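Per-entry structural report
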Amino acid sequence: MKYTQLGRTGLKVSRLVLGTMNFGPQTDEAGSHAIMDAALDAGINFFDTANVYGWGENKGRTEEIIGSWFAGDPGRRDKVVLATKVYGSMAPDGEVWPNHDRLSAVNIRRAVEASLKRLNTDHIDLYQFHHIDRRTPFEEIWQAIDVLVQQGKVLYAGSSNFPGYKIAQANETAARRGMVGLVSEQCLYNLVERRAEMEVIPAAQDYGLGVIPWSPLHGGLLGGVLRKEREGGASPRAQAGRSADALKNTDVRERIQAYETLLEKHGLEPGEVALAWLLTRPGVTGPIVGPRTADQLASAVRASELELTEELLTELDGIFPGPGPSPEAFAW
C-alpha cells in the first residue's frame, strides 16, 4: 500500500480510504469486522465513517460496529487514522429535536461526545463537517473545534460536500483565529462526475486540503454495470440507485458502453480503472472505497497498484471530458 500526507499536514495516510457506510445496513457486524481486519492487513490505515451511518432508527450503528472492533484488540486503534462526521440529525427517527443537527457549538459538543462513546475511543483524528451550515458562522464552529482540540478529543478538522467559496471562507476565518483550519475536503468526484475540478479541487489545493473523493464508481456505474446487466449479475443497489437513474440517459449509457469496450480491449476491470484514475488526479489523497465483501476490497487494493498509461488516460478524457477550470469553463 502506498501512503501520502493528508493535505498540508504531517499526517501520513493510505492512498485508499476504507468507507464504512455499508457496515450495519449492508454488512453485519462479523462481516464488517472481517473487512476491517483485511483492510488493515492490506495496509489501509485511513477509515472513514459518520455519526448518521446506520440510517433511520439505526443511526450510529456503524460507529458502534467500529467501536466493537477496536474493543476486540486495543492495539488496532493506534494503527488507524479515524475520521467521522457531524451535521445530520441524531434525534430519534421521525422526531425533530432542536440543536441535534447542523454545526452549532452545542451540537458539535454533543455529537463529539456521542461519537467518542460509540467508537470506543478517546479521540477522533479527523472530524469532518458533513455539509455546509448556512445558519452557523464559522467563528462559532471554529470556537467549538478549538475547545475540542485543546481537550485532545479532535486532532484535525475537515469538510465534506463544501463548495470552493466555503472552503476559502472557512480557512480564512480559521487563519484569523490562528488555527490550522480545514485539512481535507471529501467530495463527489469520479470519471462521470467531474464538476469538482472547476472550483472545489482548486480551492482545496490552494488552501492545502487533501481531496477525498466519495462514490468513486458513481454508485456502480463505473464498475462494469452494462456487462453485469447482460450477465444478470448487477447488484440490487446498482439496479435501483444512482447507476440506474444515470443509465436512463442515452448519452450516459453510450459513454459507459464506450468505457467498458475500451477497457475490455486493454484487458482491464472497469471498477479498478475508475479508482486508479482518481489516484492520478492532482490534489487527490485517496478515494473512499466501501466494500461489502472481501473480494471487493481485494479489487480496490489491486487498483491502488495499477499504473495507467498516458494513452489510456487520454482516451478516458475523450469519453468523460472534464468541465475545465473556473472561470474558463463558463466564461473566457
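Our subject in this report is the structure included herewith. (Residues numbered from 1 in each chain as written. Predicted model: local features only at pLDDT ≥ 70, side-chain atom pairs only at ≥ 80, totals over all residues. Heavy atoms only, no water.)

Among all positions of helix α13 (residues 310-319), only L312, L313, L316 and I319 are buried. Buried residues of α13, seen end-on, are gathered within an arc of 120 degrees and therefore sit on one face of the element. Those residues of α13 that are exposed and angled more than 90 degrees off the buried face are E310, E311, T314 and G318. The inward-facing, buried residues of α13 contact α10 (250-266) and α11 (270-279). (Buried < 20%, exposed > 50% of the residue type's maximum accessible area, 1.4 Å probe, protein only. Helix = DSSP H or I, 4+ residues; strand = E, 2+ residues; numbered from the N terminus. Arc of directions from axis to C-beta. Contact = heavy atoms within 4.5 Å.)

Another point: the pattern of salt bridges. A pair can form between side chains of opposite charge whenever their charged atoms are brought close. Under the counting rule described, the total for this entry stands at 20 salt bridges. Close ionic contact of R281 with E197 constitutes a salt bridge, the shortest N to O distance being 3.5 Å. One end of the pair, R281, is in the loop between α11 and β10 (288-289); the other, E197, is in the loop between β8 (182-188) and α6 (200-206), and 84 residues separate them in sequence. Residue classification places E197 among the buried residues on the basis of a relative accessible area of 16%. Salt bridges here are not isolated pairs; linked through shared partners, they connect R194, E197, R281 and D317. (Salt bridge = Lys/Arg side-chain N within 4 Å of Asp/Glu carboxyl O.)

Within the fold, P74 resides in the loop between α2 (61-72) and β5 (81-86). For the pair P74 and A114, spaced 40 residues apart in sequence, the C-alpha to C-alpha distance is 20 Å.

Pairing is parallel in the open sheet, where 8 strands are placed in the order β9-β8-β7-β6-β5-β4-β3-β10. In this open sheet, the two edge strands, each paired with only one partner strand, are β9 (210-214) and β10. With 3 bridges connecting them, strand β7 (residues 154-160) and β8 associate as parallel partners. By the bridge assignment, S159 is partnered in β8 with E185. (Pairing = 2+ DSSP bridges.)

Our next topic: the side chain of T49. Mapping T49 onto the fold places it in the loop between β4 (46-48) and α2. Side-chain polar atoms of T49 contact the side chain of T20, separated by 3.0 Å. Not counting residues up to four positions away in its chain, the partners in contact with T49 are T20, T62, E63, I66, A83, T84, K85, L119 and Q128. (Polar contact = N/O pair within 3.5 Å; in protein donor to acceptor, adjacent residues only side chain to side chain.)

Turning our attention to the environment of Y87. Summarising the element assignment, Y87 is placed in the loop between β5 and α3 (105-119). Its relative accessible area of 17% is what places Y87 among the buried residues. For Y87 and R109, which are 22 residues apart along the polypeptide, the C-alpha to C-alpha distance reads 12 Å. In contact with Y87, other than residues within four places in its own chain, are D101, R102, L103, H130, H131, I132 and D133.

In this model, the second largest pocket occupies a volume close to 230 Å³. As for the second largest pocket, its lining consists of 13 residues, of which L191, V192, E193, R194 and P321 are closest to the centre. Ranked by residues supplied to the lining of the second largest pocket, first place goes to α10 with 3 residues. Class assignment of the residues belonging to the lining of the second largest pocket gives a composition of 7 nonpolar, 1 polar and 5 charged. (1 Å grid on protein atoms, 1.4 Å probe; cavity = no way out; pocket = protein on both sides within 12 Å on 5 of 7 lines; lining within 4 Å. Points joined across faces, edges and corners; volume = space filled by probe spheres on them. Nonpolar A, V, L, I, M, F, W, Y, C, P; charged D, E, K, R; others polar.)

Glancing now at the packing of aromatic side chains. Overall, the coordinates contain 7 aromatic pairs when judged by the stated rule. Centroid distance W69 to F70: 5.5 Å. Interplanar angle 45 degrees. Geometry classified as tilted. Overall, F70 belongs to the buried group, its relative accessible area being 2%. Residues F129 and W142 carry aromatic rings whose centres are separated by 5.8 Å and whose planes lie at 70 degrees to one another, so their mutual orientation is edge-to-face. Note that F129 is positioned in strand β6 (residues 124-129) and W142 in helix α4 (residues 138-151), a separation of 13 residues in sequence. Here the two residues F129 and W142 agree in accessibility, since each one is buried. One aromatic cluster is present, formed by F47, W69 and F70 through successive ring pairs. (Phe/Tyr/Trp six-rings, centres within 6.5 Å; stacked < 30°, edge-to-face > 60°.)

On to the packing of α11 against helix α12 (residues 294-304), then. Two elements in contact, α11 and α12, have axes separated by 8 Å at closest approach and are oriented at 45 degrees. The angle between α11 and α12 places the two elements in the oblique class. Like other packed secondary-structure pairs, α11 and α12 cross with a definite hand, here right-handed. Mapping the contact onto sequence places E272, L275, A276 and L279 in α11 and S299, A300, R302, A303 and S304 in α12. Of the residues contributing to the contact of α11 with α12, the split by class is 5 nonpolar, 2 polar and 2 charged. (Axes fitted to C-alpha atoms, helices over the stretch in contact; angles between N-to-C directions. Parallel < 35°, antiparallel > 145°, perpendicular 65-115°, else oblique. Left-handed = near helix turned anticlockwise from the far one by under 90°.)

Our next topic: α2. Over its 12 residues, α2 runs 17 Å from end to end, which matches the ideal 16 Å to within 8%, given 1.5 Å per residue. Within α2, the full set of buried residues consists of T62, E63, I65, I66, G67, W69 and F70. Buried residues along α2 sit in contact with α1 (29-41), β4, β5 and α3. (Expected span 1.5 Å × (residues − 1).)

By themselves, these are just geometric observations and shouldn't be taken as functional.
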